[in-house]
Each structure stands twice: as C-alpha cells, then as structure tokens.
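For reference, the chains in residue letters:
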Amino acid sequence: MDLFDYMKEQTLENESPLASRMRPTTLEEVVGQEHIIGKGKLLYRAIKADKLGSVLFYGPPGTGKTTLAKVIANTTSAQFQQMNATVAGKKDMEEVVKKAQDYLGMYGKKTILFIDEIHRFNKGQQDYLLPFVEDGTLILIGATTENPYFEVNSALISRSIVFELKPLEREDISRLLVRAATDVEKGMGSYDVELEEDAREFLADIAGGDARAALNALELAVLTTEKAADGKIHVTLDVASECIQKRVVRYDKTGDNHYDTVSAFIKSMRGSDPDAAVYYLAKMLYAGEDIKFIARRIMICASEDVGNADPQALVVAVAASQAVERLGMPEAQITLSQAVTYVASAPKSNAACMAVFNAAESVKSVRTTVPPHLQDSHYKGAAKLGHGVGYKYAHDYPNHYVEQQYLPTEILGSRFYEPTENGYEKNIREHLDRIRKGR
C-alpha cells in the first residue's frame, strides 16, 4: 500500500457512515448473536484460536454478517481478502487465487476470502472457487441474505459450516445506540448528544432487528438537529420518528396499549368485523409486532370462535402461519390480511371450543372407567378379561354407524359438544341428529 492508498483509506474510514464506523473490531465488542458467538460456542472458539474453516453467514440485513467478517480479519494471522459478488467477476477471483497461492508458497499461510452477497455469483463463478477451497488455498467466508441451501452450490455448502444470524433484539440495538451516541472516537460523542430514552426505545423497536437502520437514523438525527440552549443536541422521539420516516404509534409491546390493541384485534375477528380486524392488524404490523405472534392469535380465533361453523378457517390460519415464517415482511402482511379477513368473515361457533372445557369439568369431578368393550383387545389374555369383547366395528354397518355405548357408564347421556345452527356446523348437527335417531 503506497501513501496515496493509505490516505484514501483513512479518508474513507473517517467519512464513512456511522454504521460503518461503529463496526466492532473484536469479538468482545460484538452485540447479539449469542447463539453462535457466545463464549464457548463453536464460532467463538474457532475465531479465538484462529482455526476458522470455510463458513457461510446467512441472515437479514443489518444483523452483523460483514461485521463478523471484519472481526475475523482483525484477529486472524491469515491474509484477508474481500470482494462483493455484485461487482466482482472471474478476473477478480483469478487475481485473488494467484495472490493466495503466492502467499501460501512464500509464507506457508492461507488466505481468507470474504465474499459479500455470495448468492449473486452464478453457478460457474461458484464452481471456480471449489478446487481452491477444497485444497485449502482459500478459506471461504460467504455472506448472504438468501437461504444458502437454495442459492449456493451444494458442493460449496458441503465444504462449509452455515451459521444463521438472527435479527438483533431490541435490547441489543438499544445498547448499540447508546454506544454510538457516546463514543467520541468512532461515534457521535463529540457532538454532545442527548439521546432521550423514548427516542432510543423507538429506534431500537422500529429498526426491526436491523442495527444499520437504527444507526443511520441516529446519525441523521444528530447531523440535522441544532444544539439547544444547554449546548446539547437533543434527539427526541419526534426527531427520531422523522429521521426513520415512520410515525410514532403508541404501542408498547409490554404495556396496556399492546394488550388493548391485541384484545381489540381478537374481538373484531370474533365479532365478524373484517374492517376493524384488518385495521388492528395494520396497526400491529406498523408498530413492529412479531408476525408469528399475530399468526398464532389468528389460529386460536379460527378454532375458538369459528370452529366447525367453517372448518376451513383453521386450514387458512395454519397455512398463513407457515407462510409468514417463510416469507417474512413485507410480503407476510398480505398473507396475514387474507387470513384475518377470512376468519373475521366466517360464520361463528364456539361449540367445539366449549366441548373440551365441558368435558374437562366432568373429568375433574367424576371418576370413570372405560367400558370393557372399548378397551384394548390386542394384548395376550385380553379376551379372558373381557376387554374388547362385544365391540361393534362401525364400518360393518349401514351408513358406517351402529348404536353403541362409548361414554363411561358413570356419565352416560352427557352432552359436551352441542353443534349450533351456524354455517357448516348446521350440517354436523343434522347428521348427528339423524344417526342418533337411527335414520
């Protein structure tokens, strides 16, 4: 590196965005991702021992994939090379391989190649790397926002360990914001920033696990806000909401607003008001509510409040729950809207829900015995005890039904499930009435 390259690098480092300047340089500075870099974890041990093999980092933007690569670069004794698959071509890879071979020959040390957005490489480009990863010339670190099992060659995956990075928790991002606001050397500390608590919590929450988004908003807030009379730059809730271009919604996930909104959401679906239900859905999504939590509430409502009046409601709700986990936001909001409006518009019945509660009361209050003809008859000696004797196999009779005692004698005649006249449950009621009357 000559003087001009050095000066260029220093200028870029000093003038780079806050999110870039605040990148950790050691493992101890990394926030979050304890499931893979907590003390004692495989990746932590490998980095500390400088014994890292080829790895693929997979996760949403802003979760620390490039950060971990930078930490490795600062701790390894191997040569570290970096490229971005969106702009790199085969010639770039050939140059890296040549340098790596020379470095290995002259110094006996390997080269770590970090490829950001590795899923952007086509099959041919990925295949080019295979022999050099195979023979140890290169240690590959790939970073991708896409599922590597779909986007990266299976041959490369088989030679690598895949680490999935999760969206950062609110507490993690909150810690990063405090660090960025007070760090004089790399952060905004020299501006004398007063980051108010509600503004910090808002940014940490609304960032949705993306540290880069939160730090970019903080930097914009500091650089565009004039100092107050006390000489400080006050980053308030209003300033924070403007800088991330999102209106503040009063929705504390652990407070009354959260429970009030969720309650209104459920009651609107139960009350067959799809307009109100989808409004509260939109409010929860806007405030950053966990889409898996919302999907669970829809599934519960589909069983508890719709039940057998429209059995398809549960099918739609479960399918939506599976879909949102695979899609993620923002596409998941479409699937959730479909499920919410279907469940809200469906005929309602809580008869199936109440059936199990009614039966549970009987279980708690009355001691019963399974009728002998219903007991298991498959083990040796069962027939001698009368177990299973006299059981009538329903499919041997007309309409696949035969009158027979199923309830224990102690509660004979009890009715736990009383189908309503709503929706499909009316058909169930009529069917049960017919077979009970022997028609």
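See the structure above.
Below: a short report on this structure. (Residues numbered from 1 in each chain as written. Predicted model: local features only at pLDDT ≥ 70, side-chain atom pairs only at ≥ 80, totals over all residues. Heavy atoms only, no water.)

## Brief notes about the sheet that holds strand β2 (residues 79-84)
Inclusion rule: The rule for pairing is simple: two strands pair if DSSP sees at least two bridges between them. By definition, any uninterrupted DSSP run of H or I lasting at least four residues is a helix, any uninterrupted run of E lasting at least two residues is a strand, and each is numbered from the N terminus. Throughout, an axis means a line fitted to C-alpha atoms (over the contacting stretch in the case of helices), and angles, computed between N-to-C directions, take values from 0 to 180 degrees. Residue contacts follow a heavy-atom distance rule, with two residues in contact if any of their heavy atoms lie within 4.5 Å.
The strand order across the open sheet built from five strands is β2-β3-β4-β1-β5, with neighbouring strands paired in parallel fashion. Pairing within the sheet leaves two strands with one partner each, and these edge strands are β2 and β5 (161-164). Within this sheet the neighbouring strands show an average axis-to-axis angle of 15°, counted without direction. Examined bridge by bridge, strand β3 (residues 111-116) and strand β4 (residues 138-144) share six bridges and lie parallel to one another. Each bridged residue has a counterpart across the sheet, and for phenylalanine 114 the counterpart in β4 is isoleucine 141. The sheet strands contacting helix α7 (residues 123-134) are β3 and β4, and the helix crosses β4 at an angle near 135°.

## Here we look at the pairing of β2
Definition in use: Working definition: with a 1.4 Å probe on protein chains only, accessible area under 20% of the residue-type maximum means buried, over 50% means exposed, and in between means partly exposed. The crossover handedness rule: strands pointing away from the viewer, path from first strand over the helix to second strand clockwise, crossover right-handed.
Burial along β2 is one-sided: Gln79, Gln81 and Met83 are buried, while Phe80, Gln82 and Asn84, pointing the other way, are not. Note that β2 and β3 share six bridges and pair parallel. Paired with glutamine 82 across the bridge in β3 is phenylalanine 114. Crossover β2 to β3 through helix α6 (residues 90-107) is right-handed.

## Overview of the nonpolar core
Cut-off, in case you're wondering: By nonpolar core we mean a set of buried residues, namely Ala, Val, Leu, Ile, Met, Phe, Trp, Tyr and Cys, connected to one another through side-chain atoms within 4.5 Å.
Ranked by internal contacts, the top residues of the largest apolar core, which has 33 residues, are Leu177, Leu218 and Val235. Within the residue set of this core, elements represented by two or more residues are α2 (18-21), α10 (170-182), β6 (193-195), α11 (197-206), α12 (211-224), β7 (233-235) and α13 (237-243). Tallying contributions element by element places α12 first for this core, with seven residues. Apart from residues lying up to four places away in sequence, leucine 218 is in contact with Leu18, Leu177, Ala180, Ala181, Leu195 and Val235.

## What about the environment of alanine 382?
Position of alanine 382 among the secondary structure elements: in the loop between α19 (351-365) and α20 (425-436). Overall, alanine 382 belongs to the buried group, its relative accessible area being 1%. Separated by 362 residues in sequence, alanine 382 and serine 20 place their C-alpha atoms 74 Å apart. In this structure alanine 382 touches Asp376, Ser377 and His387, once residues within four positions along its chain are discounted.

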